[in-house]
Amino acid sequence: MPKATLQDVLCTFCASGCDNLEITYDGRIIDSARNGCAISVSRFTTSDKSRLLKPLVRKAGKLRPTTFARAVDRAARILNNAKYPLLYGWSQTSCEAISKGIELTELVGGLIDNTTTSCHGPTILGVQDAGEATSTLGEIRHSADLVIYWGCNPVHSHPRHTNRFTVFSKGRFRKTRKDRKLIVVDVRQTDTAKLADRFIQVQPNGDYELLTALRTAINGEQIEQETIAGVPVETVEEIADMMMECEFGALFFGLGLTMTAGKHRNTEAALALVKDLNFVTKFVIVPMRGWFNVAGANEVSTWQTGYPYAVDLSQGYPRFNPGDTSAIDAITRGEVDAALVVASDPVSHFPREAVKHLLKIPIIVLEPKRTPTSEAAEVVIPSAILGVEAAGTIYRIDGVALEAKKVIDPPIGVRPDVETLDTIIRRVKKLGARR
Amino acid sequence: MKELGALDGENVRLKTEFGEVILRASVSRQAPHKRVAFIPYGAWASMLFGTATHTSGMPTLKGVKATVERAGEAKIATLHEITRMKGE
Amino acid sequence: MPELLIRNGYVFDPLNGIEGEGMDVAVKDGKIVERVGRKARVLDASGMTVMPGGVDIHSHIAGSKANCARMMRPEDHSRDPEVKTKYARSGVGHTIPSVFTTGYRYARMGYTTVFEPATPPLTTRHTHEELNDIPIIDKGCFPLFGNNWFVMEYVKQGRIEELAAYVAWMLEATKGYAIKIVNPGGIEAWRWGRNLRHLDDTVPNFDVTPREIVKALCQVNKLLDLPHAVHIHPNGLSEPGNYQTTLDTMECARDFRREGRPAMHVTHVQFTGRKGWSWADVRSGAPEIADYVNTHDHVTIDPGQLIFTNVTWMTADGPAMFALFKLAKTKWFNADVESETGAGIVSATYKKSNYVNAMQWGIALELALLVKDPWKIYLTTDHPNGGPFTSYPRVISWLVSNHARQKLIDKINKTAKRRLNLPGIDREYSLYEIATITRAATAKSLGLECKGHLGLGADADIAIYDIDPTKLDPAREYRIVRRAFAHAAYTLKEGRIVVKKGEVVRSVRGRTFWTKPKVSEDIKKTMMADLQSKFDDYYTVRMANYPIEERYLTASQAITTNAGV
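Cut-offs applied
Residues numbered from 1 in each chain as written. Chains lettered and ligands numbered in written order. Predicted model: local features only at pLDDT ≥ 70, side-chain atom pairs only at ≥ 80, totals over all residues. Heavy atoms only, no water. Salt bridge = Lys/Arg side-chain N within 4 Å of Asp/Glu carboxyl O. Helix = DSSP H or I, 4+ residues; strand = E, 2+ residues; numbered from the N terminus. Buried < 20%, exposed > 50% of the residue type's maximum accessible area, 1.4 Å probe, protein only. Pairing = 2+ DSSP bridges. Contact = heavy atoms within 4.5 Å. Buried area = accessible area lost by both parts, 1.4 Å probe. Polar contact = N/O pair within 3.5 Å; in protein donor to acceptor, adjacent residues only side chain to side chain. Axes fitted to C-alpha atoms, helices over the stretch in contact; angles between N-to-C directions. Parallel < 35°, antiparallel > 145°, perpendicular 65-115°, else oblique. Nonpolar A, V, L, I, M, F, W, Y, C, P; charged D, E, K, R; others polar. Arc of directions from axis to C-beta. Patch = residues over 30% accessible without salt bridge, like charges linked within 9 Å, V, L, I, M, F, W, Y side chains within 5 Å. Areas by Shrake-Rupley, 256 points an atom, 1.4 Å probe, with all protein chains shown as cover. Lys, Arg positive; Asp, Glu negative; His and termini not counted. Charge placed at Lys NZ, Arg CZ, Asp CG, Glu CD.

Student: Help me understand the pattern of salt bridges, please; the structure alone is not making it clear to me.
Tutor: Pairing between side chains becomes possible if they bear opposite charge and their charged atoms approach one another. Inspection of every chain in the model, using the stated rule, returns 75 salt bridges over all chains. Close ionic contact of Glu335(A) with Arg333(A) constitutes a salt bridge, the shortest N to O distance being 2.9 Å. The residue Arg211(C) makes a salt bridge to Asp200(C) at a minimum N-O spacing of 2.9 Å. Taken together, the positions of Arg211(C) in helix 8 (residues 210–224) and Asp200(C) in the loop between helix 7 (186–189) and helix 8 put the pair 11 residues apart, joining distant regions of the chain. Shared partners join several salt bridges into a network, and the residues in it are Lys31(C), Asp138(C), Lys451(C), Asp459(C), Asp461(C), Lys493(C), Glu494(C) and Arg511(C).

In structure tokens form, the structure reads like this:
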């Protein structure tokens with residue numbers, strides 16, 4: 001088969017939304033992926049490794065190959081019979097699939113949550129309290145003369161971030177590295193910190209204090225302590241000055257804020273800090289979303305149910321109450337009695353106690369590759385990889401929607417999630433949904 | 001690592017109030033960060049986290065208090081074993 | 001589709017001059033027809049009012065700012081959930097309803113077409129995803145052009161033909177319907193934390209003025225022969241004294257009128273129709289603005305009626321929102337969009353006792369009552385900025401009944417009551433005029449020939465209200481009017497009954513309308529070369545990935561025009 005090349009392909013790994021990749025392929029083999037980072041190369045060229053190729057159902061304790069129809073039937077019955085099924089994951093699949101997921105959850109009267117719940121959920125909770133002053137990434141490229149990375153390490157997590165949007169990028173009003181200053185705040189000197197003009201080493205769990213100290217300085221008040229979370233007060237005042245004196249500042253933050261003690265109070269402090277700065281100069285804040293469509297999961301969930309994650313539909317209408325309707329809490333309380341997991345691996349990532357409960361209930365998994373979650377499942381339906389073998393819409397870090405392309409065909413019998421979910425919905429309806 | 005007397009590449013046991021896991025120690029390239037250890041996010045790290053979300057939905061996955069000790073001959077669990085341990 | 005006969009209703013069809021005449025309406029294959037056979041299903045509309053389905057020209061229902069508002073305001077939803085029914089998906093209200101709820105609530109009021117009036121082109125794919133999901137209603141969206149880099153550069157260079165080609169390309173790329181302008185040049189100034197107040201201020205780094213931007217886009221609108229006028233939210237939103245800017249903006253469009261069609265539509269004038277020098281001194285600019293509209297044919301307006309309730313302000317006008325946030329001290333959201341525009345969201349509550357709010361409420365009603373020709377003024381609340389769209393029946397009751405208005409005037413801030421002209425205005429709208437401002441005039445303004453009327457060939461989008469116009473005195477019985485418009489007896493979408501007695505009984509998919517102006521190949525080629533040479537510098541997405549394909553719309557309805565370039 002002759003080699004073909006596809007231009008302007010979107011990479012579906014992190015949420016940077018790099019859409020200038022050039023992919024060369026030969027039938028169903030991808031030869032090369034150019035213009036992206038090293039992760040994207042692996043994403044495309046090793047997409048065929050460790051694949052789940054056949055639907056599986058558990059029989060006598062072992063996962064055995066079966067037909068798609070049987071797997072769907074078993075999945076539909078599990079969901080129908082459950083009192084409080086959880087439909088979880090969603091961050092590595094298309095918006096179209098997520099839409100089906102919400103429809104299915106409403107049909108079976110369950111709980112739908114996405115990986116935001118253990119990632120940037122606190123960011124959203126912070127926004128719900130404090131609001132958010134943000135922009136699309138191009139605005140930062142054009143205008144930002146001060147960039148701050150706080151509690152995130154883009155050199156590793158979003159390798160092209162600094163090239164495309166910040167210190168190594170070329171914008172209309174900032175053309176070279178010299179036109180911008182970089183501050184990095186972290187508990188250790190990461191590879192991103194090594195690029196910084198100023199690196200601020202903050203004590204673990206000390207971000208809330210440090211953010212509040214900065215707010216104090218920016219609001220013209222006196223900071224009374226000598227050191228704040230390990231940072232000398234003079235440094236805090238210097239950083240505050242840098243922030244106030246810039247023309248356009250951009251603060252990017254990551255899991256260093258969301259996952260440490262304080263969680264949504266940390267993010268609220270960061271959001272409020274940027275809000276305060278807008279009284280003095282122009283400043284924006286952007287959360288570093290991880291998975292390529294976690295933002296999309298929030299968007300679709302919000303426009304269809306009103307809420308971005310942790311949505312309970314068991315009462316026939318959407319309810320949102322993190323701590324109550326969030327996946328880990330609901331699982332740990334023993335309320336969830338079945339789970340459908342799409343594009344996620346909670347058996348690996350959820351805290352141990354939650355996994356203990358998860359392993360006791362029937363799990364249906366839609367997934368391209370073998371994972372501990374798929375190994376623990378009752379039903380496994382293989383997925384086509386979005387952006388490689390299936391097309392669909394995704395939202396990048398800053399909420400810009402892009403279309404992931406289909407480059408090659410999936411392995412025979414492997415379907416895009418949107419199709420699988422649609423089939424499950426029809427089967428659930430046919431069996432007579434509980435609600 | 002100096003304080004612990006552990007060698008680069010040696011197995012160590014990490015313990016939190018929620019669980020413990022054996023991992024391989026390696027010298028950090030992001031030093032200094034006294035009394036702070038890093039583990040890649042994944043199936044082994046999650047042995048150490050609790051489920052309390054303090055009404056936020058978010059468990060605490062960073063900044064967790066832990067102890068480290070040399071683990072001698074104890075082996076690192078395989079992915080399969082780690083999953084099994086979680087089920088117990 | 002089966003045939004249907006709506007019998008014995010009192011029909012109000014202003015586009016065809018039918019004013020409450022008792023007559024039958026025949027429907028076949030989703031269209032209004034002359035007659036149907038004896039086997040046709042019969043819907044008895046005796047003693048009821050029959051109108052074309054409502055057409056809303058300006059309501060922020062879909063897209064990234066609407067969704068950011070939803071995400072930011074869970075407190076808005078939790079008190080107004082919608083339980084799933086046999087026919088309807090679940091959802092939430094209140095000021096920013098979820099998409100399914102949006103479609104159902106419009107249909108319950110007898111509305112069948114709604115336009116999202118402001119979408120940043122870069123994020124319009126998102127807008128269409130939401131519009132696709134809104135059930136029942138037909139829809140469209142207006143992409144924003146007033147702060148776009150390519151637009152400002154072409155205006156600076158005086159290259160109107162290339163600008164026209166660019167706008168044509170953008171409308172097709174975004175599947176948009178009309179040219180929308182918000183705070184021209186001001187949102188680009190907001191990049192640096194600034195704003196523009198007057199038409200002759202200069203946009204930083206671009207060396208053009210709002211006046212130049214507006215005039216150029218009005219000229220383009222005429223050249224491309226677009227179905228709607230240029231839809232504009234002027235500079236100076238909310239500022240005391242901004243009525244003059246509004247008048248100046250209206251003057252910009254004078255030379256660009258087309259045969260029988262206005263060149264400009266100024267929206268939510270209540271926010272930009274203020275006299276005075278300070279907040280304590282805000283006065284009504286409605287008489288001056290109404291006077292202008294009454295004596296000129298090139299411009300139409302809508303008031304953006306205020307309702308005394310909790311609202312969400314959402315607009316592309318980022319700097320205006322920051323200014324209002326500083327007053328309201330509630331939650332604030334801002335999102336600038338690279339090379340194009342921005343967005344701002346603030347939550348707020350309007351109170352009768354608050355002087356400025358009371359003045360706003362009064363100004364909006366004064367505009368509606370002082371503009372004489374109901375074909376020039378349309379019913380809106382600039383949802384959700386003035387109030388939720390579910391308030392339309394309440395607004396109708398104020399327009400048809402002076403008594404209803406006076407009752408509320410007695411409750412508002414006393415100083416406002418003294419300073420408004422409203423207490424002295426006793427005009428009352430007729431049902432025919434209501435039909436005009438809620439469907440006939442809006443459809444005509446949008447250039448939608450198949451909507452807003454019940455003539456032969458029109459889409460069979462029909463609303464039947466439980467009002468007997470021969471027996472009811474709307475001025476006295478305004479509560480009945482309000483209830484009737486809030487819960488349509490029947491709503492039909494392309495001949496299918498979707499609402500019965502105010503409840504959704506069927507969900508259907510609506511179409512998305514967009515325009516496709518045809519420009520000459522030569523000018524298109526020149527423009528494309530400009531675009532290609534700069535696109536990667538201006539944007540962080542590739543030009544090949546920017547346009548939205550037609551297949552993206554669940555049901556696409558393109559309107560082609562022949563451009564004069």
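Read on for the rest.
Student: What am I meant to see in the pairing of strand 18 (residues 338–342) of chain A here?
Tutor: Successive residues of a regular strand alternate their side chains across the two faces of the sheet. All names here are of chain A. By the criterion of burial, strand 18 is predominantly enclosed, with five of the five residues buried. Alternating residues of strand 18 divide into Ala338, Leu340 and Val342 and Ala339 and Val341, and every residue in both groups is buried. Where strand 18 lies against strand 19 (residues 363–367), four bridges are found, and the strand directions are parallel. Paired with leucine 340 across the bridge in strand 19 is isoleucine 364.

Student: So what exactly am I meant to see when it comes to the interface of chain A and chain C here?
Tutor: The figure often quoted for interface size is the accessible area lost as the parts come together. Each partner contributes residues to the interface: chain A has 61 residues there, and chain C has 58 residues. Here chain A packs against chain C, burying approximately 5,000 Å² in sum over the two surfaces, 54% of which is carbon and sulfur. When the area that chain A buries against chain C is broken down by residue, the three leading residues are Arg172(A), Lys282(A) and Trp303(A), summing to 14%. In this assembly, chain A and chain C are joined by eight salt bridges. Among the salt bridges present, the one from Asp8(A) reaches Arg542(C), with a minimum N-O distance of 2.6 Å. Our enumeration of links across chain A and chain C arrives at 40 residue pairs in polar contact (both at pLDDT 80 or more).

Student: When you look at the packing of helix 6 (residues 160–174) of chain C against helix 18 (residues 521–538) of chain C in this model, what are you seeing that I'm missing?
Tutor: Helices that pack against each other are described as a pair by the angle of their axes relative to one another and the distance between those axes. All names here are of chain C. Running from N to C, helix 6 and helix 18 point in directions that differ by 75°, and their axes come no closer than 9 Å. If you check the angle between helix 6 and helix 18, you find them roughly perpendicular. Residues Glu161, Glu162, Ala165, Tyr166 and Trp169 of helix 6 pack against Ile523, Lys524, Thr526, Met527, Met528, Asp530, Leu531 and Phe535 of helix 18. For the contact of helix 6 with helix 18, the per-class residue count stands at eight nonpolar, one polar and four charged.

Student: I tried to follow helix 17 (residues 478–486) of chain C on my own but got confused; where do I start?
Tutor: Two residues of an α-helix separated by three or four positions point the same way, owing to the 3.6 residues in each turn. Buried within helix 17 of chain C we find Tyr478(C), Val481(C), Ala484(C) and Phe485(C). Burial along helix 17 of chain C is one-sided: seen end-on, the buried residues are contained in an arc of 120°.

Student: Explain the sheet that holds strand 19 of chain A here, please?
Tutor: Note on sheets: strands pair through backbone hydrogen bonds, and any given pair is parallel or antiparallel. Residues and elements named next belong to chain A. Strands sit in the order 5-4-20-19-18-6-7-16-17 across an open sheet of nine strands; the sheet is mixed. At either end of the open sheet lies a strand with only one pairing partner, and these are strand 5 (62–65) and strand 17 (319–320). In terms of strand pairing, strand 6 (residues 85–89) meets strand 7 (residues 111–114) through four bridges, oriented parallel. Residue pairing for strand 7: leucine 86 is matched across the bridge by leucine 111. Where helix 2 (residues 68–81) meets the sheet, it contacts strand 4 (56–59), strand 6, strand 18, strand 19 and strand 20 (379–382), and its direction lies at approximately 130° from that of strand 20. Its contacts with the sheet put helix 17 (residues 417–431) on strand 18, strand 19 and strand 20, and the angle it makes with strand 19 is roughly 150°.

Student: In this structure, what is going on with the arrangement of the chains? I would like to understand it.
Tutor: No other pair among the two pairs of chains in contact exceeds the contact count of chains A and C. A minimum C-alpha distance of 15 Å separates chain B and chain C, which share no contact.

Student: Help me understand a positive patch on the surface, please; the structure alone is not making it clear to me.
Tutor: Taken together, the side chains of Lys352(C), Arg394(C), Lys407(C), Lys411(C), Arg479(C), Arg482(C) and Arg483(C) present a region of like positive charge at the surface. Considering each element in turn, the positive patch owes the most residues, three residues, to helix 17 of chain C.

Student: Would you mind going over the interface of chain A and chain B with me for this structure?
Tutor: Each side of the interface is counted separately: chain A has 41 residues, and chain B has 35 residues. When chain A packs against chain B, close to 3,000 Å² is buried across both sides, 59% of that on carbon and sulfur atoms. Counting the surface chain A buries against chain B, the share from its top three residues, Met259(A), Lys263(A) and Arg352(A), is 23%. Here chain A and chain B share one salt bridge between them. Asp191(A) serves as the salt-bridge partner of Arg29(B), at 4.0 Å between the closest nitrogen and oxygen. Counting across the interface, chain A meets chain B through 16 residue pairs in polar contact (both at pLDDT 80 or more). Listed by contribution, the elements that provide at least two residues to the side of chain A that touches chain B are helix 4 (121–130), helix 10 (255–258), helix 13 (327–332), helix 14 (346–349) and helix 15 (352–358) of chain A. When residues in the side of chain A that touches chain B are grouped by element, the largest group, five residues, is from helix 15 of chain A.

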